[in-house]
Amino acid sequence: MNLLPLILAKRAGYELDETQIHTFVNAVSTGATPDYQISAFLMAVFFKGMTRNERVALTRAMAESGETLDWSALSAPTADKHSTGGVGDKISLILAPLAVALGMAVPMLSGRGLGFTGGTLDKLESIPGFSTDLDRAAFAKQMAEIGCGLIGQSGSIAPADRKLYSLRDVTGTVESLPLIVSSILSKKIAAGPASLVIDLKVGRGAFMRDLASAQALGTALRETAHDFGRRCTVLFTAMDAPLGLTVGNRPEVVESLEVLAGNGPEDIRDLTLALTSEMALLAGLSATAHEAWSRATAALDDGSALRIFGDIVLAQGGRLDLQAKGWGMPAAAHRAVLTAPVAGHLVDPDARKVGRIAVDLGAGRQRAEDEVDGSAGIIFARPWGASLARGEEIAFIEGADPARVDRAAEALGDVLEVAADPPTPASLFLGILDDAGYHSWQRPDISRRS
Ligand code: URA
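Residues numbered from 1 in each chain as written. Predicted model: local features only at pLDDT ≥ 70, side-chain atom pairs only at ≥ 80, totals over all residues. Heavy atoms only, no water.

1. Let's talk about the overall build of the chain
And step 1. Scanning the chain for helices and strands turns up 16 helices and 14 strands.
And step 2. Burial status across the chain gives 55% buried among its 450 residues.
And step 3. Here the chain holds 42 positive side-chain charges and 54 negative ones, and the gap between their average locations is 2 Å. (Helix = DSSP H or I, 4+ residues; strand = E, 2+ residues; numbered from the N terminus. Buried < 20%, exposed > 50% of the residue type's maximum accessible area, 1.4 Å probe, protein only. Lys, Arg positive; Asp, Glu negative; His and termini not counted. Charge placed at Lys NZ, Arg CZ, Asp CG, Glu CD.)

Dropping the structure here:
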C-alpha cells in the first residue's frame, strides 16, 4: 500500500478523513507498507498535529486493529488507571486490588518499561512464576471470579499501537500529543473499562516536563475518552524524584506489599489512595471524595486489598508467602551499599538519572530484546530530606551481576547529594481535571465526617 498521498496531505497540513486514517492504520497492521513511509507519516503528524476528529478516528482505528473486550456481563462497574510513566511508579500493583476491594472490576492492561521509566509487567514478572500472558478465556474467568486480571498487551489487543510505538521510539516521534493520546486510549478502549483515571506525570522524570504541556495532553486525553463514552479524570502529579524508596522490579514489588499491608512510604500510600478514590467516584461507588478515601484507607489497613492481591498472584501462577518476612521473594545475589560522605540532608535525586541507572543495572532494557534482571534495583535507606550522620547508609544497590551492581553504585554515588540544609518539600499533587475543569486537588480531611 502506497502511503505517499497521505504523507503529502498531512505534511501540507490538511485534515484527513476517517477513511484515510483507516487506510493508514490498515497499512500498519497488515505490514504491507514499508516502515519508512509509516515513519514519514508519523513525522508529518508530529509537526502538523491532528484535529480532534482525526485524533478520534486514529484512536478508533488503532483500538479496532485487534480484539476489543466486552465486560457487560459483569455486575461490578469496570474501571482502570493509566500512568503516563515514571520512576519508582508501582502504584498499579497496589491500586488494582484496592479498587477491587472497593467494588470495582479492573481489567488492567499494563506495559513494560520504556526508556528510563519502569513498567508494571516487568515488576509483576519478578514474582516467581507470575504470568502476565493470560488468554482471553483465562482473563475473563479471573475477572468474573476475582474482579481483576493483570495482563500485558499481547499481539491481539491494539496491535497497531505496538508497531507504531516501536517506530516512534526510534524516529523521534514519541512526544506528539495526538500520537500519545491514540496510543494510550486505543489500548484502554480495546480493554474495555467504562471509566479511566489518568495519572499524568509532570517533571524532570516524566515525558511531560512542564505543567502547560501536561495540561494540553490531559485535556486531549479526557476529551477523546469522552468521545468514546468513557468517563475520565486526570490527576497531575509530580515526577521529579522517584516515587517511594525503591526503583527496580523486585524491590518495588516488596515495597508495594508493604503498602498493601498498611505500611510503606507516605507518597506511595497517598497517591494510591487519591487515584483509587477518583476511580470510586467515577464508577459511582462513592458519593464524596471523603467517603471514597475513608473506604480505601480501611481496605489497606484491614488487609482486604492485600488478600485480593494474593488471590490475583495465585491465579496467575505466582508464588508469594504473605505470612513470611520478605514475602517469600528471593534475595538478590549481589548488593552494594552507599553511605553518606558527610553529615547533612539527603537531597531528592533526579528521577530520570536514577531511572537510567536502574536500567543500566538490569531493571530495564537498553534494547527491545534484552532480558530484564528481576532482582535488580535500588533501595533508598532514608527518605529525601532525612538528616544523615557521616557514614550512615543511604542506599542499597542490588542485582544478579556484580560488575553492573558496582557500576550502578558508582553512578548513583555521583547523583546523590547530601546538603547542609534540608530540601524544600515539594508537593506531589499538582492539580486535577474533572467535571469542574482544572483545579487544585485537595486531600480529603479524614478527621471530618462526610
Ligand atoms: N504510554 C503509551 O502507552 N503510549 C505513549 O505514546 C506514551 C505513553
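2. Focus: the nonpolar core
And step 1. Counting residues in hydrophobic clusters, the biggest one holds 79 residues, and the most contacted among them are Met-104, Ile-397 and Leu-412.
And step 2. Three or more residues apiece are contributed to this core by two domains, here domain 2 (79–323 + 428–439) and domain 3 (331–419).
And step 3. Counting residues in each nonpolar core, the second largest holds 23 residues, with Leu-6, Leu-16, Val-25 and Phe-41 among its members. (Core = buried A, V, L, I, M, F, W, Y, C linked by side-chain atoms within 4.5 Å. Domains from an automatic or database assignment.)

3. A closer look at the site of the ligand
And step 1. Surveying the vicinity of the ligand reveals the residues Tyr-165, Arg-168, Ile-180, Ser-183, Ile-184 and Lys-187.
And step 2. For the ligand, an oxygen atom lies 2.9 Å from a polar atom in the side chain of Arg-168.
And step 3. Among the secondary structure elements, those contributing two or more residues to the shell around the ligand are α8 (159–171) and α9 (177–191).
And step 4. In terms of residue class, the shell around the ligand is made up of three nonpolar, one polar and two charged. (Near = heavy atom within 4 Å. Polar contact = N/O pair within 3.5 Å; in protein donor to acceptor, adjacent residues only side chain to side chain. Nonpolar A, V, L, I, M, F, W, Y, C, P; charged D, E, K, R; others polar.)

4. Some details on the sheet that holds strand β7 (residues 334–339)
And step 1. Strand order across the open sheet formed by four strands is β6-β9-β11-β7, with antiparallel pairing between neighbours. Each edge of the sheet is formed by a strand with only one pairing partner; in this case those strands are β6 (246–248) and β7. Direction aside, the axes of adjacent strands within the sheet are offset by 15° on average.
And step 2. Of the pairings in the sheet, the one linking strand β9 (residues 377–380) to strand β11 (residues 393–399) comprises four bridges and is antiparallel in character. Counted as the bridge partner of Ile-378 is Ile-397 from β11.
And step 3. The strands touched by helix α15 (residues 351–363) are β6, β9 and β11; relative to β9, the strand with the most contacts, the crossing angle is about 130°.
And step 4. With respect to the sheet, helix α16 (residues 402–415) is in contact with β7, β9 and β11, its orientation differing from that of β7 by roughly 15°. (Pairing = 2+ DSSP bridges. Axes fitted to C-alpha atoms, helices over the stretch in contact; angles between N-to-C directions. Contact = heavy atoms within 4.5 Å.)

5. What about the environment of Arg-367?
And step 1. Structurally, the position occupied by Arg-367 is in the loop between α15 and β9.
And step 2. Separated by 252 residues in the primary sequence, Arg-367 and Gly-115 place their C-alpha atoms 9.5 Å from one another.

6. Here's the deal with the side chain of Asn-249
And step 1. Mapped onto the fold, Asn-249 is located in helix α11 (residues 249–260).
And step 2. Reaching out from Asn-249, the side chain makes a polar contact with the backbone oxygen of Ala-363 at a distance of 3.1 Å.
And step 3. Excluding anything up to four places from it in sequence, Asn-249 contacts Asp-122, Lys-123, Ser-126, Ala-363, Val-372, Asp-373, Gly-374 and Ala-376.

7. Digging into the environment of Pro-251
And step 1. Of note, Pro-251 is situated in helix α11.
And step 2. Every residue in contact with Pro-251, bar those within four places of it in the chain, is listed here: Thr-246, Ser-375, Ala-376, Gly-377 and Ile-379.

8. Observations regarding the packing of α9 against helix α10 (residues 211–227)
And step 1. Where α9 meets α10, the closest approach of the two axes is 10 Å, and the angle between their N-to-C directions is 45°. The orientation of α9 with respect to α10, classified from their angle, is oblique. Crossing geometry of α9 relative to α10 is assigned as right-handed. Of α10, the residues touching α9 (which contributes Leu-177, Ile-180, Val-181, Ile-184 and Leu-185) are Ala-216, Leu-217, Ala-220, Leu-221, Thr-224 and Ala-225. (Parallel < 35°, antiparallel > 145°, perpendicular 65-115°, else oblique. Left-handed = near helix turned anticlockwise from the far one by under 90°.)

9. Some details on unusual backbone geometry
And step 1. Residues other than glycine seldom take positive phi values, yet Ala-158 does so here, at roughly 45°.
And step 2. With respect to the helices and strands, Ala-158 occurs in the loop between β3 (148–152) and α8.
And step 3. Using a relative accessible area of 0% as the deciding quantity, one classes Ala-158 as buried.
And step 4. With a phi angle near 60°, Trp-327 is a residue other than glycine that sits in the positive phi range.
And step 5. With respect to the helices and strands, Trp-327 occurs in the loop between α14 (304–315) and β7.

10. Brief notes about the state of the cysteines
And step 1. Evaluation of the coordinates by the stated rule reveals zero disulfides.
And step 2. No disulfide involves Cys-148; its sulfur sits 19 Å from the nearest other cysteine sulfur, which is in Cys-232.
And step 3. When its relative accessible area of 2% is taken as the criterion, Cys-232 is described as buried. (Disulfide = S-S within 2.5 Å.)

11. A few points about the sheet that holds strand β13 (residues 429–434)
And step 1. Pairing is mixed in the open sheet, where five strands are placed in the order β1-β4-β5-β13-β14. Each having just a single partner strand, β1 (79–83) and β14 (437–439) make up the two edges of the open sheet. For this sheet, the mean inter-axis angle between neighbouring strands, taken without regard to orientation, is 15°.
And step 2. Both strand β5 (residues 231–238) and β13 contribute to a ladder of four bridges, which runs antiparallel.

12. Topic: the pattern of salt bridges
Pairs may arise between side chains of opposite charge once their charged atoms sit close together.
And step 1. Enumeration according to the criterion identifies 23 salt bridges in this entry.
And step 2. A salt bridge links Arg-222 to Asp-435, with the nearest nitrogen and oxygen atoms 2.6 Å apart. A residue pair is termed long-range when its members are at least 10 positions apart, and Arg-222 in helix α10 and Asp-435 in the loop between β13 and β14 qualify at 213 residues.
And step 3. The buried category is assigned to Arg-222, whose relative accessible area is 12%.
And step 4. Judged by relative accessible area, which is 78%, Asp-435 ranks as exposed.
And step 5. Via salt bridges that share partners, Arg-52, Arg-55, Glu-223 and Asp-227 belong to a single interconnected network. (Salt bridge = Lys/Arg side-chain N within 4 Å of Asp/Glu carboxyl O.)

13. Some words on the domain arrangement of the chain
And step 1. Domain annotation for the chain reports domain 1 (4–49), domain 2 (79–323 + 428–439) and domain 3 (331–419).
And step 2. With 12 residues of domain 1 at the interface, the matching set in domain 2 holds 12 residues.
And step 3. Buried surface at the junction of domain 1 and domain 2, summed over both partners, amounts to about 1,000 Å²; 80% is from carbon and sulfur atoms.
And step 4. Summed over the three residues of domain 1 that lose the most area to domain 2, namely Val-28, Leu-42 and Phe-46, the buried surface amounts to 49% of that side.
And step 5. Where domain 1 packs against domain 2, one counts one salt bridge.
And step 6. Across the pair Lys-163 and Asp-35 runs a salt bridge, and its minimum N-O distance is 2.7 Å.
And step 7. Linking domain 1 with domain 2 are one residue pair in polar contact (both at pLDDT 80 or more).
And step 8. Mapped by element, the contributors of at least two residues to the side of domain 1 that touches domain 2 are α2 (18–30) and α3 (35–48). (Buried area = accessible area lost by both parts, 1.4 Å probe.)

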